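Coordinates in review
For reference, the chains in residue letters:
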Amino acid sequence: MHAQASAPASARTRRRMRSTAVVLALGAVMFTMGAVGLAPVAGTAPEPAVHLSPPRGTLAALQSRVRHVPEDAGAWAALGTSYVQQARTTADPATYGRAEQALRRSLAVQPADNTNAQIGMGALAAARHDFPAALTWARQATKGAPYNPVAYGVLADAYTQLGQYPASYKAVQRMNDLRPDAPALARASYTFELRGQTGQAAALMRRSLDAASTTGERSFAHAVLSTLALQTGDARQAYRQAQAGLRNAPGDSALLEARARAQAALGKTRQAVADYQAAIAVAPLPHYLLGLGELEQSLGHTEQAEAQYAVLRGQESIRRPGRTPADTDAILFEADHGRPAQAVAMAQQALKTRMFIAVHDAYAWALHRAGRDREALRQADQALALGTRSALFLYHRAVIRHGLGDSAEAGADLEAALRTEPHFHPLHAPAARALLQRIDTTP
C-alpha cells in the first residue's frame, strides 16, 4: 500500500482484481480506533512501496555500528532496511544487494525472533517484485510478532500486489487496530483509492498527514493528496498539495513529479518539464523518465523525448539479465515505444508474481498493441473490476473495445476517462478526445 518516500500510486499504476461477487460478500468493517469505516472491497489500486518505520540512526551511523559491533542483529536489520529505502529513492539496484547482505547477516546472528529482519526481507522482496516471497516473510513476521503493526503493513502490501484484496483489507484493519498512525492510515486510504472512492481516500490521507511525525510521512501524504486531486480533475488542488509538501521538503522527488503532473494538467508545460528534470536529477525512476519523455514528445521535442527513452532502454537492459519482473511503466513503455510482442512477454512474466490490477492493465495494452484485442479486453476488464478511478485504464479499454467494433461501449469509456481526469496523459488524452469525436460523428 502507500509507503513513505515512494511514488504513491500514480494514475497509471491502478489495476485489477477479482470478481465483485467476492467483494459484495464482504461485510463492512470498522477500525476500532478512530471509527474509520472500511467499506466492502471492490478492486485494487496503484502499486505502493512498503512503508517502513525509520531505521534507528543514519546510514553512516548504522554502518559504523555494525563495523564495531558485528554481533548486533538489530543494527544489521536496521542497516538492511535503510538500504531498501535508499534503493527506492535512488533507483540503484545494486543497493538491494547490500540490503540483502545486511538482512541475512542479521538473521545469521539472530535466527529466531528476529522480526525486524523478517520485515526488512519482506520489504526487500516487494521492492524486487517478488511478492510471493514478500508474503512468506510477512507471515513469518506476523506469526512471531502478532502485535507489531509494521509487520501487518508488509503483509497488507504483499496481499495487495498478489491480488488477494480481502486478505489485504484485513491486514490493514489489524494494523490500524494496533496503531492508527500515519503509515496505517495511509494504507487505509489506499483501500478506498483502489475502489475508486477518492473522497474517502482523501479524507483518510488528510488524517495520515495530521498524524505524520516525520518529514517523509508528510511528504508522502502531500504527494498522495496531489494524485487524488488529479484523479478528480482538480489540477489546481493537486498543485497546491504538491507545493505545500515541497515547502517542507524541496528536494523530494515524488513531490516534484506530482507538481510536474499538476503543472502539465494546468497547461504550464515549461514548468512541468523543469519539475520532471529536477525529480529525475534526484532519482531516475522509470515513471519519471516516461512521464517526461511523453510530455516532451507531446510538445514535439523529439530529441529530448528520445533522450529519456534511451535511459529507460538502458534500465531495461540492466533489469533483464537479473530476471526481476518488469514494472508496469516498463511494460507500457515497451508497448508504446518499443516492441509490443516483447511487452506482452514482460507482462506475462510480471503476472506470475504480481497479480495486481496495474499489471492487468499493462498486459491489456501490450496485447492490444500486439493486435490481440479479444485477449486484451479480458485483461482490461480485470483492471477495472474494483472500480478504480483510472482515466488511463478506461482509455486503454476504450481503444480495445473500439478495435473490436464496439463503438458505443468505447465511447462510454472515453467519456468516463475524460470526465474523471481531463488531462490524464500528454499523448493519450488528446487521442481520447479525437477518438470520441470520431465516434460521435460517425453515423
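Residues numbered from 1 in each chain as written. Predicted model: local features only at pLDDT ≥ 70, side-chain atom pairs only at ≥ 80, totals over all residues. Heavy atoms only, no water.

1. Here's the deal with the confidence of the model for the protein chain
Stated formally: Within a predicted model, pLDDT stands for the predictor's per-residue confidence, ranging from 0 to 100. We call two residues in contact whenever any of their non-hydrogen atoms come within 4.5 Å of each other.
Summarising the model, the protein chain shows a mean pLDDT of 88, and 87% of its residues fall at 70 or more. Note on residues 1-51: pLDDT under 50 across the span, and 228 contacts to partners over four residues away in sequence or across chains.

2. Section: the nonpolar core
Going by this rule: The criterion is simple. A nonpolar core is a set of buried Ala, Val, Leu, Ile, Met, Phe, Trp, Tyr and Cys residues joined through side-chain atoms within 4.5 Å. Whether a residue is buried, partly exposed or exposed follows from its accessible area with a 1.4 Å probe, protein chains only, as a fraction of its type maximum: under 20%, in between, or over 50%, in that order. Each helix corresponds to a stretch of at least 4 residues labelled H or I by DSSP, and each strand to a stretch of at least 2 residues labelled E; elements are numbered beginning at the N terminus.
Ile331, Phe356, Ile357, Tyr395, Leu414 and Phe424 are the most contacted members of the largest nonpolar core, which totals 49 residues. Top element by residues in this core is helix 19 (residues 357-369). It accounts for nine residues. Judged by nonpolar contacts, the second largest core, of 35 residues, contains Ala151, Ala171, Val172 and Ala186.

3. Remarks on the packing of aromatic side chains
Short version of the rule: Pairing of aromatic rings covers Phe, Tyr and Trp, the last through its six-membered ring, and needs centres within 6.5 Å; plane angles under 30 degrees mean stacked, over 60 mean edge-to-face, and all others mean tilted. Over a ring means this: the NZ of a Lys or the CZ of an Arg is within 6 Å of the ring centre and within 35 degrees of the ring normal.
Enumeration over the complete set of coordinates arrives at three aromatic pairs. Ring plane angle 45° and centroid distance 5.9 Å describe the contact between Trp365 and Tyr395, whose orientation is recorded as tilted. Of the two residues, Trp365 is situated in helix 19 and Tyr395 in helix 21 (residues 391-403); the sequence distance between them amounts to 30 residues. Take Trp365 and Tyr395: they sit in the same class, and that class is buried. For the ring pair Tyr395 and Phe424, a centre distance of 5.8 Å and an interplane angle of 45° mean the geometry is tilted. With a gap of 29 residues between them, Tyr395 in helix 21 and Phe424 in the loop between helix 22 (407-420) and helix 23 (428-441) connect regions that are remote in the sequence. For the pair Tyr395 and Phe424, a shared accessibility class is recorded, and that class is buried. Chaining the aromatic ring pairs together yields one cluster made of Trp365, Tyr395 and Phe424. Its end group placed over the ring of Tyr83, Arg98 keeps NZ or CZ at 5.8 Å from the ring centre.

4. What about the environment of Tyr152?
For clarity, the threshold we go by: What qualifies as a polar contact is a pair of N or O atoms within 3.5 Å, subject to a donor-acceptor requirement within protein and to the restriction that residues adjacent in sequence count only when both atoms come from side chains.
Positionally, Tyr152 belongs in helix 7 (residues 149-161). For Tyr152, a relative accessible area of 12% corresponds to the buried category. Distance from Tyr152 to Asn176, taken between C-alpha atoms, is 9.3 Å for residues 24 residues apart in sequence. The residues touching Tyr152, leaving out its near neighbours within four places in the chain, are Thr142, Ala145, Pro146, Ala171, Arg174, Met175 and Leu178. At a separation of 3.2 Å, a polar atom in the side chain of Tyr152 contacts the main-chain carbonyl oxygen of Pro146.

5. Structural notes on the side chain of Glu296
The test is simple: Note on charges: Lys and Arg go in the positive column, Asp and Glu in the negative column, and His and the chain ends are not counted at all. By definition, a salt bridge exists where a carboxyl oxygen of Asp or Glu is found within 4 Å of a side-chain nitrogen of Lys or Arg.
Considering the arrangement of structural elements, one finds Glu296 in helix 15 (residues 286-298). No salt bridge is formed by the buried Glu296. Its closest oppositely charged neighbour is Arg270, at 12 Å. Look past the residues within four positions of Glu296 in its chain and what remains in contact with it is Val273, Gln277, His301, Gln304 and Ala305.

6. Structural notes on the packing of helix 11 (residues 215-231) against helix 12 (residues 235-248)
Our working rule: The angle between two axes is taken between their N-to-C directions and runs from 0 to 180 degrees, where each axis is a line fitted to C-alpha atoms and a helix contributes only its stretch in contact. The cut-offs work like this: below 35 degrees is roughly parallel, past 145 is roughly antiparallel, 65 to 115 is roughly perpendicular, and the gaps in between are oblique. Residues were grouped as follows: Ala, Val, Leu, Ile, Met, Phe, Trp, Tyr, Cys and Pro as nonpolar; Asp, Glu, Lys and Arg as charged; and all remaining residues, including Gly, as polar.
Here helix 11 crosses helix 12 at 170°, and the two axes come no closer than 7 Å. The pairing of helix 11 with helix 12 is recorded here as roughly antiparallel in orientation. Contacts from Thr215, His222, Leu225, Ser226, Ala229 and Leu230 in helix 11 reach Ala235, Gln237, Ala238, Gln241, Ala242, Ala244, Gly245 and Asn248 in helix 12. A per-class count over the contact of helix 11 with helix 12 returns seven nonpolar, seven polar and no charged.

7. Brief notes about the pattern of salt bridges
With the rule as written, the count across this model stands at 18 salt bridges. Note that Asp413 and Arg397 form a salt bridge whose closest N and O atoms lie 2.8 Å from each other. Of this pair, Asp413 sits in helix 22 while Arg397 sits in helix 21, and the two are 16 residues apart along the sequence. Just as Asp413 is buried, Arg397 falls in that class too. Three or more residues are tied together by salt bridges with common partners; here these are Asp381, Arg397, Arg401, Glu409 and Asp413.

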